[in-house]
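# Structure assessment
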Amino acid sequence: MRKKTSKVFFSVSSFDSSFFFFFFFLCLGILFSMKMAMAQKRKTVPMNVGVVLEMDNWTGKMGLSCISMALSDLYSSDHGSDYKTRLVLHTRDSKSNVVAAAAAALDLLKNVEVEAIIGPTSSMQADFIIGLGEKSQVPIISFSATSPSLSSFRSPYFIRATLSDSFQVQTISSIIQSFGWREVVPIYIDNQFGEGIIPFLADALEKINARIPYRSVIPEFATDDKITSELYKLMSMQTRVFVVHMTTSFGAKIFTKAKELGMMSEGYVWIITDAMTNELTSMDSSAIESMHGVIGVKPHVPRNKRLENFTTRWKLKFQQENPTILNAELNVFGLWAYDSVTALAMAVEKSRITGAPFQKLNISGNATDLETIGVSKDGPKLLRAILNTTFKGLSGDFQLVDGQLQSPAYQIINVIGNGAKGIGFWTRENGIVKKLNLRNGYSISKENFGSIIWPGDTTSVPKGWVIPTNGKKLKIGVPVKDGFSEFVKVTTDFTTNTTTVTGYCIDVFEAVMAELNYSVPYEFVPYAPPGAKTTESYDDLVHQIFLGKFDAVVGDATIRSNRLQHVDFTLPYTESGVTMMVPIKDNNRNKAWVFLKPLTWELWLTSFCSFVFIGFVIWVLEHRVNEEFRGPLSHQVGMIFWFSFASMVFAQKEKIVSNLARFVLIIWFLVVLILTSSYTASLTSTLTVENLQPTVTDIKELQKNKEYVGFQQGSFVKELLIKNKFDEDRLKQYNSSEECIDLLSKGSANGGIAAAFDEIPYVKLLQAINCSKYTVVGPIYKSDGFGFAFPIGSPLLHDVSRAVLSVTEGEKLVQIEKTWFGQPICSDSSKSLSSNSLGLDSFWGLFVIAGIAAILALLIFLTMFMRDHWHIIRRSNHSFHERIRILARNFDRKDYNSHTFKKEIELRDGMRVSGHMDGPQSPHDNSSMLPSPQPNGPPCPSISSHTEATPPLHEENVASSTQESAIIESAVELRAGH
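Figured I'd write up the structure that's included with this text. (Residues numbered from 1 in each chain as written. Predicted model: local features only at pLDDT ≥ 70, side-chain atom pairs only at ≥ 80, totals over all residues. Heavy atoms only, no water.)

The subject of this paragraph is the overall build of the protein chain. The helix and strand inventory of the protein chain stands at 33 helices and 30 strands. Per-residue burial for the protein chain yields a buried fraction of 48% across its 978 residues. Nonlocal contacts in the protein chain, meaning residues at least 24 apart in sequence, comprise 73% of its contacts between residues at least 6 apart. Of the roughly 49,700 Å² of accessible surface on the protein chain, 56% is carried by carbon and sulfur atoms. (Helix = DSSP H or I, 4+ residues; strand = E, 2+ residues; numbered from the N terminus. Buried < 20%, exposed > 50% of the residue type's maximum accessible area, 1.4 Å probe, protein only. Contact = heavy atoms within 4.5 Å. Areas by Shrake-Rupley, 256 points an atom, 1.4 Å probe, with all protein chains shown as cover.)

Dropping the structure here:
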């Protein structure tokens, strides 16, 4: 039994052990399969990438550190951990040498066959490496080569993961324009990096009318003595605005020397580009102190928590790797390095390149290393992926357009002490603003800046230029003339060999220069072309400024458009315009008809018609109610003319009884009063004042009669006359005021001229002493007056123009004019000329008022008359002409409803009652009161004028007497018509 039990136990134990081992090995298989699957999943493809940087340079060290951190951050992130590719960096040191950089790139392309190259640091090194990249079709990505001469247009395989230097020139030009500086001197290093920005800067300055008088080019390996010599040269110039485009190390030398020479004092303006501003924190503190008051521009990098976190991590990592470098500060080049390698890693993953070996070229014989470089099969695909990569980087939005980053907003800083503070921003949309979130439209006002400390520790804005410190005086060219010496006169003392320049123009210039708040040394230099004693052409004189022989021209030089092509003029200091001076004649020699002259013939005719019209209106309004306006036809016509013209001198004696007529006369008397008063005043002036009139009033008259005209020698007036179709053979020139007067006195028919054309200042001088014989007609043609000429873009121009305004608006100019032109010996001839005849345009308003009043009164009268005789108008059994005739006959009769005939009615009623009491009334009494009809036609006008209808016998029937008499008369007329 026990034996059997042991067998059973042994069988069960064997089964349990077999099951356990089976389960154990099954689990091991599963775990192994899972591990193999995970290993297969985590398998990545290495991609070789070259890095060519200057390891002894701050930008190189910082850039390499940021590149390694960027790859670490990317591949440890949630989305980066799934990447199937990994960038493997192959670092080479360019050793701050173009040849070493090229050799490093060549080694990477030939021996390592990298898919892309990050770097190099400088623009000079990049220029050659770009060529290698294009040959091998390998993208070259630089985060610090900023020269505009490097472009993807030259090589499609060059990618600028930084900003071109050309982007900042608009910010710099806006600063210069804000403060009104007119001249700028760029200071740059003599290499590809320094020269690249200059064409763009020159174009930007030209758009704001600022010029570059000098370019300070300093050799790349210049000694301290060379730098000092160049700075001394800048000190001797008048321009005090400098734009410095240097590397940080070289720029530190420039500012250190400038401070030693006193060029960081008040009056200087220094503007640095982002090449120095971006690395300002890495400069030595003593160098920064020497830059006190400098203005700088740099790309604006938005601050955020991600950037702050990275900056903290980078400082810790960099300090561990470089314990000898203390207080390291990250700048924008490090951020661009971080973003550029991130973009490359993302593009490599997206393009799914395999890292295939380069395609070798078939080259026989002894080939150089350059010729043996293969061509990348993945290069074109990788290039397209990089150009299409966009993301939010540490420096901002990473997006490539035309192979380079786009221009962001720029920050403007002011170097103060050992640091810098922001004073504003510049954007394409808004110009210069204090804060980026402001949206007030585009503006470049200097008010948009924060407080600025300028060199010399002053807050006063420098004017940007000074008088040169080399003691050089401005050479002021002046014309040499024979005549019109009142304007400019050059006198030479041969005993002392000295030249004196005087005149109106000279005194005005000296008064203007005295208005400036600084001293400007100058000297006058008379100008006459070789072989000539006088200035033959003012165009030639002004052109000497463009040729560099004069710093300015002072004299009677007119501002002309053709001269503005080569020089700039100040504001004019004299009246502008070309006018005509002609002799005058007395028109009062024959005074027989002078009484007609005060009024023009249009006004005479209008006045006559108005008098007749008003007389007619008064007759119409008074004829039915006023005995004095009745009678024979000739009497009534005479009354119309008599009454109207008698009102001119208020001599009418007739009594006016109609209110409508009185209303018309009130208005008419006002018109007559004004008209007669004006006539009297004009006639008095004509008879008492000498009536002087110009012999010529229109240039067309001169051209039509082919008269000779004169102009001043050397003046532009000759070309002006020829342009306006004057025959050149009819033009005569004069050199002095005496010669001009002599030609005018002779006249065109006797070898002289009929008119002299000249500018207003000359004509005023001529007229001042000859106003009794000559007068001015015009101005005929426009010009801009006299001005002082300066070189285009001269910094003096603005201040001198402002001083010209100050002089011309004050009493100083009046005193100068009195000194040289004196007081006129007779009154202004324009005041001596008799006044022109009074025209209708001066009185038409009065005639319109009087006419409206008369017509209104006439319409009211006609309306009332038609209302009283409406029963006649409505008769349809009579023709239109018959009704008109009846109405005319009724108009010719007295209106017994008028109060003027009440006494007559009362008298007739009394006589009629008296006759009835004395005896029986004759059966013909009623008919005797009617006018006798004519059997063969209408009654004679003379009879109708004297025959009046007898009023009714009773007072209560007076109101209907007129109507009854009209009906009876109408019946008589109809019967007579048959």
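With mixed pairing, the eight strands of this open sheet are ordered in space as β7-β6-β8-β9-β10-β15-β16-β17. Only two strands of the sheet have a single neighbouring strand rather than two, namely β7 (216-218) and β17 (431-433). Across the sheet, the axes of successive neighbouring strands diverge by a mean angle of 25°, strand direction being ignored. Packed on one face of the sheet, helix α5 (residues 169-178) meets β8 (241-245), β9 (269-272), β10 (295-299), β15 (410-416), β16 (419-427) and β17 and runs near 145° to β10. The sheet strands contacting helix α9 (residues 248-260) are β6 (185-189), β7, β8 and β9, and the helix crosses β9 at an angle near 170°. (Pairing = 2+ DSSP bridges. Axes fitted to C-alpha atoms, helices over the stretch in contact; angles between N-to-C directions.)

Note that Thr85 resides in strand β2 (residues 85-93). The class for Thr85 is buried, based on a relative accessible area of 6%. Polar contacts involving the side chain of Thr85 include one to the side chain of Glu349, which spans 2.6 Å. Setting aside residues up to four positions removed in sequence, Thr85 forms contacts with Val45, Met47, Tyr75, Val348 and Glu349. (Polar contact = N/O pair within 3.5 Å; in protein donor to acceptor, adjacent residues only side chain to side chain.)

Glancing now at the pairing of strand β19 (residues 489-493). Here β19 pairs with strand β20 (residues 498-502) via five bridges, running antiparallel. Within the sheet, the bridge partner assigned to Asp493 lies in β20 and is Thr498. In textbook terms, the turn of a hairpin is the stretch between consecutive antiparallel strands, and for β19 and β20 this stretch comprises four residues, one of which, Asn497, has a positive phi near 55°.

Our focus in this paragraph is the pattern of salt bridges. If you walk through the whole model with that rule in mind, you get 14 salt bridges. The residue Glu329 makes a salt bridge to Lys315 at a minimum N-O spacing of 3.7 Å. Residue Glu329 is located in the loop between α12 (305-321) and α13 (332-351), and its partner Lys315 is located in helix α12; the two are separated by 14 residues in the primary sequence. Judged by relative accessible area, Glu329 falls into the partly exposed class, the value being 33%. The exposure class assigned to Lys315 is partly exposed, which follows from its relative accessible area of 33%. Two residues, Asp799 and Arg802, come together in a salt bridge whose shortest N-O distance is 3.2 Å. In this pair, Asp799 and Arg802 both sit in helix α24 (residues 796-808), three residues apart, roughly one turn of the helix. (Salt bridge = Lys/Arg side-chain N within 4 Å of Asp/Glu carboxyl O.)

The subject of this paragraph is helix α8 (residues 224-235). Count 3.6 residues to each turn of an α-helix, and residues three or four apart come out pointing the same way. Taking 1.5 Å of rise per residue, the 12 residues of α8 would be expected to cover 16 Å, and the 16 Å separating its terminal C-alpha atoms lies within 8% of that figure. Where α8 is concerned, the buried positions are Ile227, Thr228, Glu230, Leu231, Leu234 and Met235. Down the axis of α8, the sector holding all buried residues measures 165°, keeping them to one side. Residues of α8 that are buried in the fold lie against β6, β7, β8 and α9. (Expected span 1.5 Å × (residues − 1). Arc of directions from axis to C-beta.)

So, about a positive patch on the surface. Taken together, the side chains of Lys84, Arg352, Lys381 and Arg384 define a basic patch exposed on the protein surface. Structurally, the position occupied by Arg352 is in the loop between α13 and α14 (379-387). (Patch = residues over 30% accessible without salt bridge, like charges linked within 9 Å, V, L, I, M, F, W, Y side chains within 5 Å. Lys, Arg positive; Asp, Glu negative; His and termini not counted. Charge placed at Lys NZ, Arg CZ, Asp CG, Glu CD.)

Our next topic: the packing of aromatic side chains. Applying the stated criterion across every chain, the model contains 35 aromatic pairs. A ring pair is formed by Phe179 and Trp181, whose centres lie 5.0 Å apart and whose planes are at 20°; its orientation type is stacked. Side by side, Phe179 and Trp181 carry an identical accessibility label, which is buried. Taken together, a centroid distance of 6.4 Å and an interplanar angle of 45° make the contact between Tyr504 and Tyr573 tilted. Here Tyr504, found in helix α15 (residues 504-515), pairs with Tyr573, found in the loop between β23 (567-569) and β24 (578-586); they are 69 residues apart in sequence, far enough to count as distant. With respect to class, Tyr504 is no different from Tyr573; both count as buried. Members of the aromatic cluster, joined through ring pairs, are Phe484, Phe487, Tyr504, Phe509, Tyr522, Phe524, Tyr573, Tyr734, Tyr762, Phe786, Phe788 and Phe821. We note Arg86 situated over the ring of Tyr75; from NZ or CZ to the ring centre the distance is 4.3 Å. Seen from the ring of Tyr708, Arg730 lies directly overhead, with NZ or CZ sitting 4.5 Å from the centre. (Phe/Tyr/Trp six-rings, centres within 6.5 Å; stacked < 30°, edge-to-face > 60°. Lys NZ or Arg CZ within 6 Å of the ring centre and 35° of its normal.)

Quick look at the packing of α13 against α14 now. Contact geometry of α13 with α14 gives a least axis separation of 8 Å together with a crossing angle of 125°. Between α13 and α14, the crossing angle belongs to the class labelled oblique. Here the hand of the crossing between α13 and α14 comes out right-handed. Contacts between α13 and α14 involve Leu344, Ala347, Val348, Lys350 and Ser351 from the former and Lys381, Leu382, Ala385 and Ile386 from the latter. Looking at the contact of α13 with α14, its residues break down into six nonpolar, one polar and two charged. (Parallel < 35°, antiparallel > 145°, perpendicular 65-115°, else oblique. Left-handed = near helix turned anticlockwise from the far one by under 90°. Nonpolar A, V, L, I, M, F, W, Y, C, P; charged D, E, K, R; others polar.)

By volume, the largest pocket is sized at about 950 Å³. In terms of lining, the largest pocket is formed by 37 residues, of which the most central are Glu54, Asn57, Thr247, Thr248 and Ser249. Elements represented by at least two residues in the lining of the largest pocket include exactly α2 (58-76), α4 (123-136) and α9. Top element by residues in the lining of the largest pocket is α9. It accounts for four residues. Per-class residue counts for the lining of the largest pocket are 15 nonpolar, 17 polar and five charged. (1 Å grid on protein atoms, 1.4 Å probe; cavity = no way out; pocket = protein on both sides within 12 Å on 5 of 7 lines; lining within 4 Å. Points joined across faces, edges and corners; volume = space filled by probe spheres on them.)

On to unusual backbone geometry. The step from Gly119 to Pro120 runs through a cis peptide bond, and the omega angle for that step is 0°. Considering the arrangement of structural elements, one finds Pro120 in the loop between β3 (116-118) and α4. Even without glycine at this site, Ser96 takes up a positive phi of about 55°. The residue Ser96 is located in the loop between β2 and α3 (98-112) in this model. Residue Glu113 is not a glycine yet carries a positive backbone phi of 55°. In this structure, Glu113 sits in the loop between α3 and β3. Note on Glu113: relative accessible area 17%, which makes it buried.

Before going further, it helps to spend a moment on the packing of α15 against α24. Viewed as axis vectors pointing N to C, α15 and α24 meet at an angle of 110°, and their least axial separation amounts to 8 Å. In this view, α15 runs roughly perpendicular relative to α24, as classed from their interaxial angle. Helix-helix and strand crossings are classified by hand; for α15 and α24 the assignment is right-handed. Between α15 and α24, the residues in contact are Ala511, Val512, Met513 and Glu515 and Val800, Ala803, Val804, Ser806 and Val807, respectively. Among the residues making up the contact of α15 with α24, the classes are represented as seven nonpolar, one polar and one charged.

Now for α15. Between its first and last C-alpha atoms α15 spans 17 Å; for 12 residues at 1.5 Å apiece the expected length is 16 Å, and the two agree. For α15, the complete set of buried residues consists of Tyr504, Cys505, Ile506, Val508, Phe509, Ala511, Val512 and Met513. At its buried positions, α15 is contacted by β18 (474-479), β20, β21 (522-527), α24 and α25 (812-821).

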